[in-house]
Amino acid sequence: TSAITTVPVTVVNPVVLVTSPVNRIVCVGGSTSYSVTATGGPITYQWQVSVDVGLTYNNISGATAATLNLTGITQSMNGNRYRCVLNAAPCVGATTSAAATLTVNALPTVTISSPDLLITPGQTTTITATSSPAAATANSWTWTLDGSSISGTTNTQVVGVDGFGSYQARVTDINGCVNTSNTLVIGAEASDRLWIYPNPSEGAFQVRLYYSGPVTEKRVVSIFKSNGQLVGSKEFTLDNVVSPYLRMDFDLSSLGAGTYVVKVHNTFTNKIVSGLVVIQR
């Protein structure tokens, strides 16, 4: 009697397709995936793509898993169809899944504009954003000022003298795609006027005077009674970092009602600009 010989037998079951890939809708630059599930095998997978509405299909290099991952999707991929060919050799014949279509939505075109790009104290300008396709909702907007997030979820921003800088808007459109607008710079309109407000005041007020830069300027702001008595003084240094209309705050709440003289003295050039503020109770 001979020795026992063991003969290994590999059993391969025919492929039975359970699920085919489904259509996907993606934004330009996005990513998505297609998957198939099947029983039987061991199974080998080969994904194919058609760029001619399903007339012909070509193998996708390296796409040999049950899931096909697509990244960095471009507009040119819109309408592509994807299917998977499954084999369980040596079983005869291949099983091909149904094809799924990729729809690629373009990113929205976002534009912001304002009727006035240069403003003075007390003045405001409204930045309005538009999107094509339209925004998903009225509150689908976000805003940045000089690269940092600011409040606001609608398509407008009201900007005053303390809001100088570079604005951008970002929107999510009706297709779920996101894009950012152009950059809009709101700046200062040059003026030699001295702003003192609120005026009349109950005591607290602010003083603003245009600074043209880029030479550093040192200002001494002095407050006098009508009889010439000095009641307050502050010194401010202006350079290319501060606002062209630097806010200079004063509070005369401890003093009596009356008319006071505000004098702004540039200690470098000796230029003096003055105005009046009325304190009332």
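Each value, and the rule that gives it
Residues numbered from 1 in each chain as written. Predicted model: local features only at pLDDT ≥ 70, side-chain atom pairs only at ≥ 80, totals over all residues. Heavy atoms only, no water. Helix = DSSP H or I, 4+ residues; strand = E, 2+ residues; numbered from the N terminus. Rg over C-alpha atoms; globule rule 2.2 N^0.38 Å. Buried < 20%, exposed > 50% of the residue type's maximum accessible area, 1.4 Å probe, protein only. Contact = heavy atoms within 4.5 Å. Areas by Shrake-Rupley, 256 points an atom, 1.4 Å probe, with all protein chains shown as cover. Lys, Arg positive; Asp, Glu negative; His and termini not counted. Charge placed at Lys NZ, Arg CZ, Asp CG, Glu CD. Phe/Tyr/Trp six-rings, centres within 6.5 Å; stacked < 30°, edge-to-face > 60°. Lys NZ or Arg CZ within 6 Å of the ring centre and 35° of its normal. Pairing = 2+ DSSP bridges. Axes fitted to C-alpha atoms, helices over the stretch in contact; angles between N-to-C directions. Core = buried A, V, L, I, M, F, W, Y, C linked by side-chain atoms within 4.5 Å.

## Brief notes about the overall build of the protein
In step 1: Counting secondary structure elements, the protein contains zero helices and 26 strands.
In step 2: Taken over the C-alpha trace, the protein has a radius of gyration of 35 Å; the compact-globule value for 281 residues is 19 Å, which it surpasses by more than 25%.
In step 3: Overall size of the protein, expressed as C-alpha extent along the three principal axes, is 130 × 50 × 35 Å.
In step 4: Counting the 281 residues in the protein, one finds 35% classified as buried.
In step 5: Taking all contacts inside the protein whose residues are at least 6 apart in sequence as the whole, residues at least 24 apart take part in 58%.
In step 6: With an accessible surface of roughly 15300 Å², the protein has 53% of that area assigned to carbon and sulfur atoms.
In step 7: For the protein, the distance from the average position of its 14 positive side-chain charges to the average position of its 13 negative side-chain charges is 3 Å.

## Some remarks on the packing of aromatic side chains
In step 1: A complete count under the given rule lists five aromatic pairs for this structure.
In step 2: Seen from their ring centres, Y34 and Y82 are 5.3 Å apart, and the 25° between their planes marks the pair as stacked. Of this pair, Y34 sits in strand β3 (residues 32–35) while Y82 is found in strand β8 (residues 81–87), placing the two residues 48 residues apart along the sequence. With respect to class, Y34 is no different from Y82; both count as buried.
In step 3: Aromatic side chains F236 and F250 sit 6.4 Å apart centroid to centroid with 65° between the ring planes, which places their arrangement in the edge-to-face category. Taken together, the residues span a long stretch of sequence, with F236 in strand β23 (residues 230–238) and F250 in strand β24 (residues 248–251) at a distance of 14 residues. Exposure class is identical for F236 and F250. Each is buried.
In step 4: Clustering of aromatic rings is evident, with ring pairs tying together W195, Y210 and Y245.
In step 5: Its end group placed over the ring of Y57, R83 keeps NZ or CZ at 3.8 Å from the ring centre.
In step 6: Above the ring of F250, the side-chain terminus of K234 is found at 4.9 Å from the ring centroid.

## A closer look at the sheet that holds strand β11 (residues 109–113)
Within a sheet, neighbouring strands are paired by backbone hydrogen bonds and run either parallel or antiparallel to one another.
In step 1: Strand order in this open sheet of three strands is β11-β13-β16, and the pairing throughout is antiparallel. The sheet terminates laterally at β11 and β16 (156–159), the two strands that pair on one side only. On average, each strand axis in the sheet is tilted by 15° relative to the strand beside it, whichever way the strands run.
In step 2: Alignment of β11 against strand β13 (residues 125–132), held across five bridges, turns out to be antiparallel. What sits directly across from I112, in β13, is A129.

## As for the nonpolar core
In step 1: Counting 22 residues, the largest nonpolar core has Y34, W47, L68, L70, Y82 and L102 as its most contacted members.
In step 2: At the level of elements, β5 (44–50), β7 (67–70), β8 and β10 (100–105) are the ones that each hand at least two residues to this core.

## Some words on unusual backbone geometry
What is expected of a backbone is that most residues other than glycine have negative phi and most peptide bonds are trans.
In step 1: Here the residue pair N199 and P200 is connected by a cis peptide bond, since its omega of 10° sits within 30 degrees of zero.
In step 2: By secondary structure assignment, the location of P200 is in the loop between β20 (194–197) and β21 (204–209).
In step 3: A cis amide bond links G213 with the next residue in sequence, P214, at an omega value of 0°.
In step 4: Following the sequence through the fold, P214 ends up in the loop between β21 and β22 (217–224).
In step 5: Here D146, not a glycine, exhibits a phi torsion of approximately 55°, which is positive.
In step 6: Position of D146 relative to the elements: it lies in the loop between β14 (141–145) and β15 (148–150).

## A few points about the sheet that holds strand β26 (residues 272–279)
In step 1: In space, the four strands of this open sheet follow the order β23-β22-β25-β26, with antiparallel pairing throughout. Looking along the sheet, the strands with just one partner apiece sit at the ends: β23 and β26. Going from strand to strand, the sheet's axes swing by 20° on average, the running direction of each strand aside.

Fair warning: the whole summary comes from geometry, so function is off the table for now.
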